[in-house]
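The chain contents come next:
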Amino acid sequence: MRGNVRYLAWAGVVVALGILFYSTRSTISHDPWTWVGVFLTVAVFSFLYRENRIYRFAEHLVVGVANGYSISFTVHRVIVPYVIKPLSAGFKALAADGPSLKLLDPNSSANFIILVPLAIGLLYFARFIPKYAWLVRIPMAIFMGYYTGQTVPAAFTGVVFPQLKATLVTQASFGGDPWLGVWKVLVLVGVLTTLTYFFFSREHKGVLKWSAKTGIIYVMVGFGASFGFTVMARISLAIGRFYFLFRDWLGILH
Amino acid sequence: MRVKLPLGLMIFFGILGFTDSFVPHPWAQNFHGVLRNKVLIVISVFALALGIGNLISHHVTRIKRKGPNWIHSYTTLISLGIATLIGIMGGVTGNGWLPTRVGGFKYDIQTIYFKVLVPLQSTMFALLAFFMASAAYRSFRARNLLAGLLLGSAFVVMLGQVPIGELLTGFLPPGFHAADISTWIMQVPNTASKRAIELGLTLGVLGTMLKILTGIERSWLGGGR
């Protein structure tokens with residue numbers, strides 16, 4: 001019984017598509033890439049029915065194409081300008097003028113200094129040689145160390161200070177529209193009480209209890225709003241995909 | 001040596017990265033520019049190569065062992081090969097030596113990106129709308145005040161962004177329309193809770209980073225030898 005319903009549903013989809021195709025045959029797109037896009041869009045949406053081979057094909061295609069794209073982008077934007085060009089220019093300069101200190105200047109268009117990061121980067125492959133596998137920690141240490149060190153002041157100047165500054169309520173907050181000042185006070189109360197709710201070093205009793213209770217109200221309203229906002233963002237993406245199907249492919253919408 | 005050298009390097013480079021914001025001398029800024037924009041980028045290329053190598057090895061092994069969905073591993077490997085070939089030989093904008101145009105039909109890597117990857121990724125994100133709506137339908141119940149607040153604010157924010165919201169609340173005085181209440185929720189309670197969470201998160205991240213920089217946190221070194 002269930003199998004018959006499934007076949008009937010598929011037959012219905014095919015007939016509907018046939019009618020749609022017939023009725024729109026004059027406006028339908030002739031661009032092969034649009035047809036590719038349609039196939040991929042339908043392949044991904046087919047997951048709404050259940051997981052199937054066409055969806056899995058699309059899923060694996062994303063992985064392959066995305067990685068192929070990043071490889072080619074890395075070759076053209078990093079390897080060619082930062083490795084191949086300086087090295088080949090360096091060899092030419094070496095052959096023409098002989099060794100000079102200029103060849104060690106990283107800002108020069110012809111330099112050999114790029115061999116240092118190349119050698120460090122190659123250490124990533126040391127993990128395949130058990131005896132020297134620990135060497136993979138060196139490029140990781142350089143990377144992690146530098147970016148961790150950079151993030152500490154950046155977190156203060158980029159997040160902590162601006163957020164605290166935006167939370168402060170001053171006399172100027174009530175200067176224009178007084179309601180804006182009231183909303184700023186509510187934001188200040190919300191920030192303090194939410195922080196209290198996530199403060200676990202002391203038991204939530206007395207003032208702390210009421211502050212945390214107010215905080216959870218803010219958190220729930222905030223989570224609800226974020227959820228609603230995210231759903232609407234996804235729905236606008238879905239509308240975009242249907243718009244693509246009905247405008248770019250079928251030419252029904254204009 | 002196996003632990004102390006990487007740890008020492010990490011602390012050294014950590015201090016170096018830290019000083020970037022505090023030493024405005026042109027020489028130091030130039031040094032950091034070279035380090036960030038050339039040296040570290042070149043090192044990161046090898047991490048990408050390692051990742052791609054792992055991806056290929058995973059799919060080749062799956063094909064060899066005829067693991068679950070092994071047939072689709074061919075899709076990944078073939079599409080990876082074709083995209084890489086076209087991207088490297090054809091150039092980013094189709095200006096390489098491999099022809100990437102037949103008549104009016106273009107197939108350079110940027111076209112592949114916009115015509116294959118963009119529809120796939122945006123449809124995958126769009127798919128989440130259905131799952132989120134379905135999950136919300138099953139789990140959103142106003143059992144108590146807090147659950148009611150969550151449900152109510154989600155409903156108002158959604159209503160405020162669609163024309164029916166204006167249709168239903170258009171008769172109310174200005175400031176009480178669905179769009180106005182939605183904006184107020186986003187700007188006041190949502191901002192307050194998000195700001196507090198972000199501050200807490202940042203302080204947590206800062207704490208972890210200081211632990212890494214001082215060598216207290218060493219899990220990144222991995223286990224074993």
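Residues numbered from 1 in each chain as written. Chains lettered and ligands numbered in written order. Predicted model: local features only at pLDDT ≥ 70, side-chain atom pairs only at ≥ 80, totals over all residues. Heavy atoms only, no water.

This brings us to the overall build of chain B. Across its full length, chain B carries eight helices and two strands. N-terminal to C-terminal, the α/β element order of chain B is α-α-α-β-β-α-α-α-α-α. A globule of 225 residues ought to have a C-alpha radius of gyration of about 17 Å, yet chain B, at 26 Å, is considerably larger. With respect to the principal axes defined by its C-alpha atoms, chain B has extents near 70 × 55 × 45 Å. Sorting the 225 residues of chain B into buried and exposed places 37% on the buried side. Taking all contacts inside chain B whose residues are at least 6 apart in sequence as the whole, residues at least 24 apart take part in 27%. A total of about 12,600 Å² of accessible surface is found on chain B, and carbon and sulfur atoms cover 70% of it. Computed over 19 positive and 6 negative side-chain charges, the inter-centroid distance for chain B is 19 Å. (Helix = DSSP H or I, 4+ residues; strand = E, 2+ residues; numbered from the N terminus. Rg over C-alpha atoms; globule rule 2.2 N^0.38 Å. Buried < 20%, exposed > 50% of the residue type's maximum accessible area, 1.4 Å probe, protein only. Contact = heavy atoms within 4.5 Å. Areas by Shrake-Rupley, 256 points an atom, 1.4 Å probe, with all protein chains shown as cover. Lys, Arg positive; Asp, Glu negative; His and termini not counted. Charge placed at Lys NZ, Arg CZ, Asp CG, Glu CD.)

Our next topic: the packing of aromatic side chains. Counted according to the given criterion, the structure contains 24 aromatic pairs over all chains. With centroids separated by 6.2 Å and ring planes inclined at 65 degrees, the aromatic side chains of Trp70 of chain B and Tyr74 of chain B adopt a geometry described as edge-to-face. With Trp70 of chain B and Tyr74 of chain B both in helix H3 (residues 70-90) and four residues apart, the pair spans about one turn of that helix. Take Trp70 of chain B: its relative accessible area is 24%, and that puts it in the partly exposed class. Among the aromatic residues, those joined into a ring-pair cluster are Tyr69 and Phe73 of chain A together with Tyr113 and Phe114 of chain B. (Phe/Tyr/Trp six-rings, centres within 6.5 Å; stacked < 30°, edge-to-face > 60°.)

Next up on the list: the interface of chain A and chain B. Tallying the contact residues gives 109 residues for chain A and 116 residues for chain B. Between chain A and chain B, roughly 10,200 Å² of surface is buried when both sides are summed, and carbon and sulfur atoms account for 80% of that area. By the criterion of area lost to chain B, the three top residues of chain A are Trp33, Arg137 and Tyr146 of chain A, representing 9% of everything that side buries. Our count for the contact surface shared by chain A and chain B stands at zero salt bridges. Along the contact surface separating chain A from chain B lie 22 residue pairs in polar contact (both at pLDDT 80 or more). Breaking the side of chain A that touches chain B down by element, the ones donating at least two residues are helix H2 (32-45), helix H3 (53-97), helix H4 (115-122), helix H5 (137-167), helix H6 (178-197) and helix H7 (207-249) of chain A. Counting residues per element, the side of chain A that touches chain B draws most heavily on H3 of chain A, at 28 residues. (Buried area = accessible area lost by both parts, 1.4 Å probe. Salt bridge = Lys/Arg side-chain N within 4 Å of Asp/Glu carboxyl O. Polar contact = N/O pair within 3.5 Å; in protein donor to acceptor, adjacent residues only side chain to side chain.)

Between two packed helices, the angle of one axis relative to the other and the distance separating the axes together describe the packing. Following both chains from N to C, one finds H5 of chain A and helix H8 (residues 189-213) of chain B inclined at 155 degrees, their axes separated by 10 Å at the closest point. It follows from the interaxial angle that H5 of chain A and H8 of chain B lie roughly antiparallel. In terms of crossing hand, the pair formed by H5 of chain A and H8 of chain B is left-handed. Looking at the contact of H5 of chain A with H8 of chain B residue by residue, the classes come out as 14 nonpolar, seven polar and two charged. (Axes fitted to C-alpha atoms, helices over the stretch in contact; angles between N-to-C directions. Parallel < 35°, antiparallel > 145°, perpendicular 65-115°, else oblique. Left-handed = near helix turned anticlockwise from the far one by under 90°. Nonpolar A, V, L, I, M, F, W, Y, C, P; charged D, E, K, R; others polar.)

Let us now look at H3 of chain B. What sets the pattern is the α-helix's 3.6 residues per turn: residues three or four places apart point alike. Residues and elements named next belong to chain B. Taking 1.5 Å of rise per residue, the 21 residues of H3 would be expected to cover 30 Å, and the 30 Å separating its terminal C-alpha atoms lies within 8% of that figure. Of all the residues in H3, the buried ones are His72, Ser73, Thr75, Thr76, Ser79, Leu80, Ala83, Thr84, Ile86, Gly87 and Gly90. One or two residues past the end of H3 sits Gly91, with phi positive at roughly 80 degrees. (Expected span 1.5 Å × (residues − 1).)

Let us look at H2 of chain A. For H2 of chain A, which comprises 14 residues, the first-to-last C-alpha distance of 20 Å matches the rise-based estimate of 20 Å (1.5 Å per residue) to within 8%. Here H2 of chain A has its buried residues at Trp33, Thr34, Gly37, Val38, Leu40, Thr41, Ala43, Val44 and Phe45 of chain A. Residues of H2 of chain A that are buried sit in contact with H3 and H7 of chain A together with strand E2 (105-106) and helix H4 (109-139) of chain B. The N-cap residue of H2 of chain A is Asp31 of chain A: its side-chain oxygen and the backbone nitrogen of Trp33 of chain A are 3.2 Å apart.

Turning next to the pattern of salt bridges. Side chains that differ in charge, positive against negative, can pair when their charged atoms come close. Residue and element names in this part refer to chain A. A complete count under the given rule lists four salt bridges over all chains for this structure. For the salt bridge of Arg56 with Glu51, the shortest nitrogen-to-oxygen distance reads 3.3 Å. Residue Arg56 is classed as buried on the basis of its relative accessible area, which comes to 17%. Residues Lys205 and Glu203 are paired through a salt bridge, measuring 3.8 Å at the closest nitrogen-oxygen approach. Here Lys205 and Glu203 have matching classes, each one exposed.

Following both chains from N to C, one finds H7 of chain A and helix H5 (residues 145-159) of chain B inclined at 35 degrees, their axes separated by 7 Å at the closest point. The two elements H7 of chain A and H5 of chain B meet at a crossing, and its hand is right-handed. From H7 of chain A, Ile216, Ile217, Met220, Val221, Phe223, Gly224, Ala225, Phe227, Gly228, Phe229, Val231 and Met232 of chain A reach across to H5 of chain B, where they touch Leu146, Leu149, Leu150, Ser153, Ala154, Val157 and Met158 of chain B. Taken together, the residues that form the contact of H7 of chain A with H5 of chain B break down as 16 nonpolar, three polar and no charged.

Below, the discussion takes up the side chain of Arg241 of chain A. By secondary structure assignment, the location of Arg241 of chain A is in helix H7. Buried Arg241 of chain A, no salt bridge; nearest opposite-charge side chain is Asp248 of chain A, N-O distance 7.1 Å.

Before going further, it helps to spend a moment on the confidence of the model for chain B. Detailed reading of the predicted coordinates is not advisable wherever pLDDT is low. When pLDDT is averaged across chain B, the result is 91; 99% of the residues are at 70 or more. Predicted as a complex, the structure gets a pTM of 0.83 and an ipTM equal to 0.86. (pLDDT = per-residue confidence, 0-100.)

Residues and elements named next belong to chain B. In this structure, Lys66 takes a positive phi of about 50 degrees despite not being glycine. Note that Lys66 resides in the loop between helix H2 (26-65) and H3. Positive phi outside glycine occurs at Asn69, with the angle close to 60 degrees.

Once that is clear, we can look at a nonpolar patch on the surface. There is a patch of nonpolar side chains on the surface, built from Leu48, Phe242, Tyr243, Phe246, Ile252 and Leu253 of chain A together with Phe125, Leu128, Phe130 and Phe131 of chain B and spanning about 810 Å² of accessible area. Of all the elements, H4 of chain B adds the most residues to the nonpolar patch, at four residues. For Phe242 of chain A, the location among the structural elements is in helix H7. The exposure class assigned to Phe242 of chain A is partly exposed, which follows from its relative accessible area of 33%. (Patch = residues over 30% accessible without salt bridge, like charges linked within 9 Å, V, L, I, M, F, W, Y side chains within 5 Å.)

Inspection of the secondary structure assignment puts Pro189 of chain B in helix H8. Sequence separation of Pro189 of chain B and Ser153 of chain B is 36 residues, and the distance between their C-alpha atoms is 9.9 Å. Apart from the residues within four sequence positions on either side, Pro189 of chain B is in contact with Tyr218 and Val221 of chain A together with Trp184 of chain B.

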